[in-house]
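A structural walkthrough
Residue-level listing of the chains:
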Amino acid sequence: MLSDILPTSNEVGVISASIEKGDIVAIVGAGPVGLSALLNAKVREPSQLIMIDVDETRLELAKRLGATSTINPSKVNALENITSLTKDVTKKPGVDVAIECVGIPQTFQTCQDIIAPGGRIANVGVHGKKVDLQLQDLWIKNIRITTGLVSAYSTLALLKDITDGKLKPEVLVTHRFKLDQFEEAYDVFSNPAKTGAIKVLVEAE
């Protein structure tokens with residue numbers, strides 16, 4: 001995890017978005033990278049951590065990992081729900097930070113829909129097709145959008161957070177197997193919708 005999802009979500013997501021203590025943060029996509037972003041963002045002490053996904057099982061896991069709220073956009077309007085969640089703590093319509101962790105047009109659009117004036121959108125997901133940039137709506141809101149690839153410069157800091165107990169990535173391991181169960185482990189990992197797998201750990205005897 002220290003070679004991929006933790007530094008990716010940290011550098012391209014949390015650090016690029018300049019998350020500060022007290023921010024309202026939404027993470028779009030509750031896969032391994034999105035949940036890693038949740039763990040990394042928690043270290044920065046935002047006032048709210050909202051996880052957005054269409055998979056109820058992963059939303060439940062996000063709650064156990066520290067999400068203050070979850071939203072399923074297939075059931076409710078994301079912006080209306082966020083406005084309701086934040087009305088007592090901010091006058092701004094939306095979140096301070098939106099981290100995109102899927103890489104499809106719909107999730108990038110969600111980030112544009114929910115970002116508040118002065119907010120930051122950090123695109124972590126790898127997009128395989130074009131997305132629409134709603135510049136006609138965003139320009140007046142002073143939005144910053146970042147994206148990029150991980151370079152792993154934060155790995156040593158992440159390792160220190162792990163050894164200090166601030167970051168606990170082991171909670172992302174949902175299934176454990178012995179080495180002679182490798183084929184079963186692969187089947188579980190390749191069917192996450194059915195198995196609920198996030199990260200699979202294969203241990204030698």
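Our structure is the block above this text.
Below is a short write-up of the structure. Everything quoted here is computed from the prediction, not taken from an experiment.

Procedures and definitions
Residues numbered from 1 in each chain as written. Predicted model: local features only at pLDDT ≥ 70, side-chain atom pairs only at ≥ 80, totals over all residues. Heavy atoms only, no water. Helix = DSSP H or I, 4+ residues; strand = E, 2+ residues; numbered from the N terminus. Rg over C-alpha atoms; globule rule 2.2 N^0.38 Å. Buried < 20%, exposed > 50% of the residue type's maximum accessible area, 1.4 Å probe, protein only. Pairing = 2+ DSSP bridges. Salt bridge = Lys/Arg side-chain N within 4 Å of Asp/Glu carboxyl O. Polar contact = N/O pair within 3.5 Å; in protein donor to acceptor, adjacent residues only side chain to side chain. Contact = heavy atoms within 4.5 Å. Axes fitted to C-alpha atoms, helices over the stretch in contact; angles between N-to-C directions.

**Re the overall build of the protein chain**
Of regular secondary structure, the protein chain possesses 9 helices and 8 strands. Taken against the 2.2 N^0.38 rule, which gives 17 Å for 205 residues, the C-alpha radius of gyration of the protein chain at 17 Å falls within 12% of a compact globule. Counting only C-alpha atoms and orienting by the principal axes, one finds that the protein chain spans roughly 60 × 35 × 35 Å. Counting across all 205 residues of the protein chain, residues that qualify as buried make up 44%.

**Focus: the pairing of strand β1 (residues 24–28)**
Burial analysis of β1 places 5 of its 5 residues in the buried class, which makes it a mostly covered element. Along β1, one buried face is formed by Ile24, Ala26 and Val28 and the opposite face, lined by Val25 and Ile27, is buried too. Here 5 bridges tie β1 to strand β2 (residues 48–52), and the two strands are oriented parallel to one another. By the bridge assignment for β2, valine 25 is matched with leucine 49.

**A short note on the pattern of salt bridges**
On inspection of all chains with the given rule, the structure shows 6 salt bridges. The residue lysine 75 makes a salt bridge to glutamate 56 at a minimum N-O spacing of 3.1 Å. Here lysine 75, found in the loop between β3 (69–71) and α4 (78–86), pairs with glutamate 56, found in helix α3 (residues 56–64); they are 19 residues apart in sequence, far enough to count as distant. Residue glutamate 56 is classed as partly exposed on the basis of its relative accessible area, which comes to 33%. Two residues, lysine 160 and aspartate 164, come together in a salt bridge whose shortest N-O distance is 2.6 Å. Overall, aspartate 164 belongs to the partly exposed group, its relative accessible area being 43%.

**So, the side chain of arginine 120**
For arginine 120, the location among the structural elements is in strand β5 (residues 115–123). The exposure class assigned to arginine 120 is buried, which follows from its relative accessible area of 14%. A polar contact is formed between the side chain of arginine 120 and the backbone oxygen of alanine 17, at a distance of 2.9 Å. Among the polar contacts made by the side chain of arginine 120, one reaches the main-chain carbonyl oxygen of serine 18 at a distance of 2.9 Å. Excluding residues within four positions of it along the chain, arginine 120 makes contact with Ala17, Ser18, Ile19, Glu20, Asp23, Asp96, Val97, Ala98, Ile115 and Arg144.

**Examining unusual backbone geometry**
The backbone of asparagine 142 shows a phi angle near 55°, a positive value even though the residue is not glycine. Residue position: asparagine 142 is located in the loop between α6 (135–138) and β6 (144–146). By relative accessible area, which is 61% here, asparagine 142 ends up exposed. Residues other than glycine seldom take positive phi values, yet alanine 152 does so here, at roughly 70°. In this structure, alanine 152 sits in the loop between β6 and α7 (155–163).

**A few points about helix α1 (residues 5–15)**
With 10 of 11 residues buried, α1 lies mostly within the body of the structure. Buried residues along α1 sit against α2 (32–43), β4 (95–100), β5, β6, α7 and β8 (199–203).

**Let's talk about the sheet that holds β4**
Strand order in the open sheet formed by 6 strands is β3-β2-β1-β4-β5-β6, with parallel pairing between adjacent strands. A strand with exactly one partner marks an edge of an open sheet, and here the two such strands are β3 and β6. Between one strand axis and the next, the sheet turns through 20° on average, direction left out of account. Across the sheet, α2 touches β1 and β2, and the angle it forms with β2 is around 180°.

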